[in-house]
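Here is how the chains run, residue by residue.
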Amino acid sequence: MGLRLYMPFNSNQKPWGLRWRSSVWFITTVVGFGITTDLLVYSIIIPVLPFQLERLSYHKVSSLTGWLLCAYSAGLVLSTIPIAMHSERYSTRRMPLILGLLALIGSQVMFMEAPNYAIMAVARVLQGISSSMVWIVGLALLCDTTPEKNVGRQLGIAMTGLSVGLLVGSPAGGALYSRFGFRAPFIFGELCAVVDLLLRLLLIERDVALKWGYDPSEPTAVVIMEAPDASSTPEIQLSSIPAAHVHASTDVEINKVERSIASDKSLLPNARKPSISRKSILDSALNRKPTPLLSVIIKLSQSPRALVALTMTFVYGLVQSMQEPSLPLHLQSVWNFNSDRVGLAYLAAVLPALISSPLAGYYVDQAGSDYITCICLILALPWWIVMTLRQSLPLFIFALAAQSFFVSGVVAPVTTELASVSRTMAGVGYAHVYGAFNLAFGIGTAVGPVIGGQIYDHARHGWTAVCCITAALIVVCVTLAFCYTGADPLLAKVLRHHYPIDSIRKNPDEESSSTDNTSRTYIVAGTDFA
């Protein structure tokens, strides 16, 4: 069993635990835990970095700490495009995820034993590269496996890992450092990474499961394998149900081919069994055609839906990271908070996100991303104004938690929107759109702390300025979401309601026909009669 765990799944021996290891819920668990590990490793060392730099006799510790955080973002941003292009060019998600986690473990050891600042910076760059792996390849793998109707729900559940990692990381890092010393937080992060590695080794991609007659995205579409011996080419046959749907993770989407299959073979004595070789299925449905980088960029830039989703991703990263340098100082100056009480305030901000992300993902599948995105943004807006008030600490904490709940609720609709864009664009795969997502988020988190810190230090009312800028950005995002989010944006619905004329149609970017390759569903079916 141990050997079969590490097998690249190219042998003639069926992998053990095929169904549960390739199931949607197991893939969701692996991706969610990977995001948790990524954010935990990112945040667990933040409380201990200044002390270690002082121990190594460095000065201007605050500035040096900021540059180390920037090194992480630099690794994330610079590695995004190569990882996205490589992941879509080759039909594998599992191996990049494993290599990324090995890089994460190595970077943790490097940082823990770093004798100088330069080695620390290199280690943080490697951590950023590893982070790109899970955010790009992991989310693409989840969309590969999940049926389209449940993508929002599964992405929302996986995104809770972001909040869990931040929730555990900083408090655990400070407590472990105080009790066991500098290496303790890194050892804890490495243990979590080892568990994550085991989960990634266990997962089976949908492409591999299809080779053995099982489609995790359509569990009821039973595909029967017949392989007399290992040397022969097995045939895949359909059971006596309607056509089995195989969702191809290809860049060039495949037109639907539908043929009915007689449910009672006894009534058709001369009918041959519908069958197709495994090779022909995989060659036609699972082969990813590489798309030039420039072509991908042009296609994404021509889609208002994609541009708006990426803009909101950038704003989300910017807003979240602008608080990092300014919120603790505001709490200290107004209510005399120490580091422990600031940690409790962050706890109040992170906990609501554990609920909002999966909840928003569920309602995205039910009502669409346009409604949920606009509702979350509108409801988040007033709480940023409330946070400028200084009269009541309980009111401030409640407002902090409320804005976190609604702002975090935007992540699931945005990631679902990007998956929808990928399905409606020939040549643009999931890794491409999530690479762009990672790039936008990485840039936002890189410049956010700098902007927030500079505004707080130089503006007369620094915290009020930060809140007002955030509120203005949310207003911009609400306007863009109202006009462009969704296959049928809210603006178009309102115009059709008040001006029901033929000239007002759905967004032309989303109108397509079967000849435009709009479906990722390839229906394996065939019935020949003698």
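Residues numbered from 1 in each chain as written. Predicted model: local features only at pLDDT ≥ 70, side-chain atom pairs only at ≥ 80, totals over all residues. Heavy atoms only, no water.

Student: I'd love a proper account of the confidence of the model for the protein, names of residues and values included.
Tutor: Mean pLDDT over the protein: 78, with 77% of residues reaching 70 or higher. A low-confidence stretch, residues 224-287 (pLDDT under 50), is modelled with 150 contacts involving residues beyond four sequence positions or located in other chains. Contacts for the low-pLDDT stretch residues 510-530, under 50 throughout, to residues beyond four places or in other chains number 65 contacts. (pLDDT = per-residue confidence, 0-100. Contact = heavy atoms within 4.5 Å.)

Student: Residue-level account of the packing of aromatic side chains, with values.
Tutor: For the structure shown, the criterion picks out 16 aromatic pairs. When the ring of Tyr362 is compared with that of Tyr363, the centres are 5.3 Å apart and the planes differ by 80 degrees; the resulting orientation is edge-to-face. When its relative accessible area of 42% is taken as the criterion, Tyr363 is described as partly exposed. Positioned above the aromatic ring of Trp16 is the side chain of Arg21, whose terminal nitrogen or guanidinium carbon lies 4.7 Å from the ring centre. (Phe/Tyr/Trp six-rings, centres within 6.5 Å; stacked < 30°, edge-to-face > 60°. Buried < 20%, exposed > 50% of the residue type's maximum accessible area, 1.4 Å probe, protein only. Lys NZ or Arg CZ within 6 Å of the ring centre and 35° of its normal.)

Student: Explain helix H13 (residues 304-335) to me, using residue names and the numbers behind them.
Tutor: Its 32 residues place the ends of H13 44 Å apart at the C-alpha level, agreeing with the 46 Å of an ideal helix rising 1.5 Å per residue. Remark: Asn336 follows H13 within two positions and exhibits a positive phi of approximately 60 degrees. (Helix = DSSP H or I, 4+ residues; strand = E, 2+ residues; numbered from the N terminus. Expected span 1.5 Å × (residues − 1).)

Student: Account for helix H7 (residues 117-145), with residues named and values stated.
Tutor: End to end, H7 covers 42 Å across 29 residues, agreeing with the expected 42 Å (1.5 Å per residue, within 8%). Burial analysis of H7 places 22 of its 29 residues in the buried class, the great majority of the element. Put simply, Asn116 is the residue that caps the front of H7, since its side-chain oxygen is 3.2 Å from the backbone nitrogen of Ala118. (Polar contact = N/O pair within 3.5 Å; in protein donor to acceptor, adjacent residues only side chain to side chain.)

Student: Describe in detail the side chain of Thr146, supporting the description with residues and values.
Tutor: Mapped onto the fold, Thr146 is located in the loop between H7 and helix H8 (151-180). Not counting residues within four places of it along the chain, the set of residues in contact with Thr146 comprises Val24, Val151, Gln154 and Ser217.

Student: Tell me what's going on with the packing of helix H15 (residues 369-386) against helix H16 (residues 393-408), and back it up with residues and numbers.
Tutor: The geometry of H15 relative to H16 is characterised by a closest axis approach of 8 Å and an angle of 155 degrees between their N-to-C directions. One way to sum up the angle between H15 and H16 is to call them roughly antiparallel. With respect to the hand of their crossing, H15 and H16 are arranged in left-handed fashion. Contacts between H15 and H16 pair Cys376, Leu379, Ala380, Trp383, Trp384 and Val386 from the former with Leu395, Phe398, Ala399, Ala402, Gln403, Phe406 and Val407 from the latter. The residue inventory of the contact of H15 with H16, partitioned by class, reads 12 nonpolar, 1 polar and no charged. (Axes fitted to C-alpha atoms, helices over the stretch in contact; angles between N-to-C directions. Parallel < 35°, antiparallel > 145°, perpendicular 65-115°, else oblique. Left-handed = near helix turned anticlockwise from the far one by under 90°. Nonpolar A, V, L, I, M, F, W, Y, C, P; charged D, E, K, R; others polar.)

Student: Could you give an account of the packing of H8 against helix H9 (residues 183-202), with specific residues and numbers?
Tutor: In contact at an axis separation of 7 Å, H8 and H9 are set at 135 degrees when each is read in the N-to-C sense. Taken together, the axis directions place H8 and H9 in an arrangement best described as oblique. Pair H8 / H9 crosses with right-handed handedness. Of the residues in H9, those in contact with Val168, Ala172, Gly173, Leu176, Tyr177 and Phe180 of H8 are Ala184, Pro185 and Phe188. Split into classes, the residues belonging to the contact of H8 with H9 amount to 8 nonpolar, 1 polar and no charged.

Student: Pulling in residues and values, what's your account of the nonpolar core?
Tutor: Of all hydrophobic cores here, the largest spans 82 residues; its most connected members are Ile35, Trp135, Leu139, Leu300 and Tyr434. Setting aside chain neighbours within four positions, we find Leu300 in contact with Ala306, Leu307, Val421, Met425, Val428, Val433 and Ala436. Listed in part, the 19 residues of the second largest apolar core include Leu68, Ala114, Met120 and Ala123. (Core = buried A, V, L, I, M, F, W, Y, C linked by side-chain atoms within 4.5 Å.)

Student: Just give me the short version of a nonpolar patch on the surface, but keep the residues and values in it.
Tutor: On the surface, Ile355, Leu359, Tyr362 and Tyr363 cluster together to form a nonpolar patch covering roughly 390 Å² of accessible area. Its place among the elements puts Tyr362 in helix H14 (residues 339-367). Residue Tyr362 is classed as partly exposed on the basis of its relative accessible area of 40%. (Patch = residues over 30% accessible without salt bridge, like charges linked within 9 Å, V, L, I, M, F, W, Y side chains within 5 Å. Areas by Shrake-Rupley, 256 points an atom, 1.4 Å probe, with all protein chains shown as cover. Salt bridge = Lys/Arg side-chain N within 4 Å of Asp/Glu carboxyl O.)

Student: Give a description of the side chain of Ser321 that names residues and reports values.
Tutor: When you line up the elements, Ser321 lands in helix H13. A polar side-chain atom of Ser321 sits 2.7 Å from the main-chain carbonyl oxygen of Gly317. Those residues within four positions of Ser321 in sequence are excluded, and the remaining contacts are Gly444, Thr445, Gly448 and Pro449.

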